[in-house]
Structures are given as C-alpha cells and as structure tokens.
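# Close look at the chain arrangement
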Amino acid sequence: MPGVPRSAYYWMIEHPEAERVDPIAGGVRAVRRDGHERCGAGKIKAALERRGVTASGRRVGDIMRERGMRARTRADGPNRTGRGPTRPGSRTSSAAGSTATSRHPPGR
C-alpha cells in the first residue's frame, strides 16, 4: 500500500478490524453536503480538483458506494415542469394508448 509504512502494514494484516480510512472521504462527504446531495461522482471529482485534491472518478465512485451515497436522479423527484413522458396524453404515456386513434380504419 503506497503511503503506509511497512511496520504499519504488517500491523494492519494482523488486525483486520483496523480498516484504512481513505484521506479524501471527508472531502467527498463535504462536497456532497455542499451540493445539497445532488452531485454524482463526476461533479464531486471536479469540485475536489478545484480545491486542489487529485482523485480519479473511480476512486470517488468507490467511496460513494462504500458509504451508501447515491446521486439524485430525475426519477427520484417529482416532475415539476409538467413536460415529459409522465404527462397524460403524451406519446409515451400509458394513457395515450387508450385515447389514441388508429390512422387506418379497422376494415383494411
């Protein structure tokens, strides 16, 4: 493990309960809190880089996964705009199939 002294490494092997804490985990948590818990791994990575912390997107994603963090998506919140596939009568709405008429008469 880079950055860990050899003596500490062998001690950690004998004591598996002493888990290594990632030094950027606190920064990930702070950026997520500052972003009102809307940020995903990419935005958190960019925010950390602006603060001078270098980390890969995979590492940020792993930290988020380990701690149960998840980016909020459109499906998590209400459709506030009134547009999109959830509007009744839209082409992808389930109600559209019952109200839509066929272009061709049934006798064809």
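Thresholds, definitions, all that
Residues numbered from 1 in each chain as written. Predicted model: local features only at pLDDT ≥ 70, side-chain atom pairs only at ≥ 80, totals over all residues. Heavy atoms only, no water. Helix = DSSP H or I, 4+ residues; strand = E, 2+ residues; numbered from the N terminus. Contact = heavy atoms within 4.5 Å. Areas by Shrake-Rupley, 256 points an atom, 1.4 Å probe, with all protein chains shown as cover. pLDDT = per-residue confidence, 0-100. Core = buried A, V, L, I, M, F, W, Y, C linked by side-chain atoms within 4.5 Å. Buried < 20%, exposed > 50% of the residue type's maximum accessible area, 1.4 Å probe, protein only. Axes fitted to C-alpha atoms, helices over the stretch in contact; angles between N-to-C directions. Parallel < 35°, antiparallel > 145°, perpendicular 65-115°, else oblique. Nonpolar A, V, L, I, M, F, W, Y, C, P; charged D, E, K, R; others polar. Patch = residues over 30% accessible without salt bridge, like charges linked within 9 Å, V, L, I, M, F, W, Y side chains within 5 Å. Salt bridge = Lys/Arg side-chain N within 4 Å of Asp/Glu carboxyl O.

## What about the overall build of the protein?
Across its full length, the protein carries five helices and zero strands. Secondary structure elements in the protein, listed N-terminal to C-terminal, are α-α-α-α-α. For the protein, the proportion of contacts with a sequence separation of at least 24, taken over those separated by at least 6, is 40%. With the model as given, the accessible surface of the protein reaches about 8,900 Å², and the carbon-plus-sulfur share is 51%.

## With respect to the confidence of the model for the protein
With 60% of its residues at a pLDDT of 70 or more, the protein shows a mean pLDDT of 75. No element of the protein has a lower mean pLDDT than helix α5 (residues 96-99), at 52, and none a higher one than helix α3 (residues 41-50), at 92.

## Here's the deal with the nonpolar core
Counting 13 residues, the largest nonpolar core has V28, I44, L48, V60 and M64 as its most contacted members. Where this core is concerned, the elements lending two or more residues are α2 (25-34), α3 and α4 (57-66). Beyond its immediate sequence surroundings of up to four residues, V60 is in contact with V28, A41, I44, K45, L48 and A55.

## Digging into the packing of α2 against α3
Taken N-terminus to C-terminus, the directions of α2 and α3 make an angle of 110°; their axes are 10 Å apart at the nearest point. Classified by the interaxial angle, the pair formed by α2 and α3 is roughly perpendicular. On α3, the residues touching G27, V28, V31 and R32 of α2 are I44, A47 and L48.

## Re the environment of A30
If you trace the backbone, A30 turns up in helix α2. With 18 residues separating them in the primary sequence, A30 and L48 have C-alpha atoms 9.8 Å apart.

## Regarding the packing of α2 against α4
The geometry of α2 relative to α4 is characterised by a closest axis approach of 10 Å and an angle of 80° between their N-to-C directions. Relative to α4, α2 is oriented roughly perpendicular. Residues A25, V28 and R32 of α2 lie in contact with α4, whose contacting residues are V60, I63 and M64. Classifying every residue of the contact of α2 with α4 by side-chain character gives five nonpolar, no polar and one charged.

## Digging into a nonpolar patch on the surface
Taken together, the side chains of Y9, Y10 and I13 present a nonpolar region at the surface, about 310 Å² in accessible area. As for its placement among the helices and strands, Y10 is situated in helix α1 (residues 6-14). Residue Y10 is classed as partly exposed on the basis of its relative accessible area, which comes to 48%.

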